[in-house]
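Coordinate inspection notes
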Amino acid sequence: MLPETFRCYLVTKDADGKVHAEITHRRLSELPPGETLIRVAYSSLNYKDALAATGHPGVNKTFPHIPGVDAAGRVVSASGGRFAANDLVLVTGFDMGANRWGGWGDYVRVPGEWVVPLPAGLTSRESMILGTAGFTAGLCVDALQKHGVAPESGEVVVTGASGGVGTFAVALLAKLGYRVAAVTGKASAHEYLKRLGAEQVLGREQVDDRSGKPLLSGRWAGAIDTVGSHILGTILRATRHSGCVASCGLAAGSDLPLTVYPFILRGVTLAGIDAAWGSIPLRHDIWRRLAGPWKLDCLPAIARFVELQELPASIDQILTGQVTGRVVVNVGNDEAT
Ligand SMILES: NC(=O)c1ccc[n+]([C@@H]2O[C@H](COP(=O)([O-])OP(=O)(O)OC[C@H]3O[C@@H](n4cnc5c(N)ncnc54)[C@H](OP(=O)(O)O)[C@@H]3O)[C@@H](O)[C@H]2O)c1
């Protein structure tokens, strides 16, 4: 028997444009349309969630809003034949937690094609330790592989390395045998990054060249960049011939100071990564890899679990670049999954 209302982290905007958040109840009938109703066990906190939770118009323009781009739990009801009640599933991205209500509530309702069966080899908890961050890192590694960057090609650099995507990028690359240089602004994260498998750890200032030179001496075979701006520009100018840089983030800024020389003189590829709306078959394939050949031993060690009411403090931390690893949100707290 379904309840009439469900608990959620609700973000509202008042008449003066001020954004507020509270743990409250909404009617189940208010959930957006979709074939699949899911009882959420776990969600997570990504940078994008923090933007949605503080009313950033680039993520969500409609209020009241429930953030949470990630959700894992059990199917309650589903039409369309893809899923049955009690199936363990996960959803990441698309418009969930952006322009439609997301995983920071007891239930989500989404289109059936957004839903991924929880792959054998992962628990619901583990799937949300990974969440959008792990999935995005997986897409970045896949892009490097498809562009011919192999472990023997040379060192691969990861920026924003102690954040969610960066953590998984370092750990996945190291697991697959790549030599990894991790870039961080946190002196306190050096040991953490070495434990994840980074061979060397660099400060941000070491990859932030503002000399205006169109090319720098070639240092890296590839890169996973989560920060954009001058650091991405520096890395592209310092990527070796035929290298590939996967760009997924803008933690330092959305600009990109650059000329075309890395592309036309070194054949460097800039691979864009979109974890929200990318290919559905690739989505299923990356999740299977994350649960199987790419399964990381470090998952429990890099996660911190919070309750919905503890989110405001974690939101402040992620917005100021202070989070190391992943913040997982206990929603229904289904220990059995
Ligand atoms: N394209 C996609 O589909 C997709 C998917 C997921 C995330 N993203 C984007 O990827 C980025 C990372 O997401 P996340 O969830 O991993 O966020 P996160 O956990 O906050 O990690 C971001 C990291 O970037 C570094 N950083 C923060 N401010 C910086 C600055 N001013 N200059 C240089 N580095 C800075 C910090 O790492 P250090 O202290 O170690 O340097 C921080 O931990 C975000 O921009 C997010 O929007 C995009």
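Residues numbered from 1 in each chain as written. Predicted model: local features only at pLDDT ≥ 70, side-chain atom pairs only at ≥ 80, totals over all residues.

For strand 5 (residues 88–92), the buried fraction is high: 5 of the 5 residues fall into the buried class. Burial of the side chains of strand 5 extends over both faces: Leu88, Leu90 and Thr92 are buried on one face and Val89 and Val91 on the other. Pairing of strand 4 (residues 70–78) with strand 5, which is carried by 5 bridges, proceeds in the antiparallel orientation. Residue pairing across strands places glycine 73 opposite valine 89, the latter belonging to strand 5. (Buried ≥ 20, exposed ≤ 12 C-beta atoms within 10 Å, placed from the backbone. Helix = DSSP H or I, 4+ residues; strand = E, 2+ residues; numbered from the N terminus. Pairing = 2+ DSSP bridges.)

Below, the discussion takes up the domain arrangement of the chain. In terms of domains, the chain is made up of domain 1 (5–118 + 299–330) and domain 2 (132–272). If you average the C-alpha positions of domain 1 and of domain 2, the two centres end up 29 Å apart. Listed by partner, the interface residues are 12 residues for domain 1 and 12 residues for domain 2. Classifying every residue of the side of domain 1 that touches domain 2 by side-chain character gives 4 nonpolar, 6 polar and 2 charged. (Domains from an automatic or database assignment. Contact = placed C-beta atoms within 7 Å. Nonpolar A, V, L, I, M, F, W, Y, C, P; charged D, E, K, R; others polar.)

For the rest of this paragraph, the subject is unusual backbone geometry. Looking along the chain, the bond that leaves phenylalanine 63 and enters proline 64 is cis, with omega of -5°. For proline 64, the position within the fold is in the loop between helix 1 (47–53) and strand 4. The phi dihedral of phenylalanine 94 falls on the positive side, at around 50°, and the residue is not glycine. Along the chain, phenylalanine 94 falls in the loop between strand 5 and strand 6 (107–110). The phi dihedral of serine 242 is positive, around 70°, even though this residue is not glycine.

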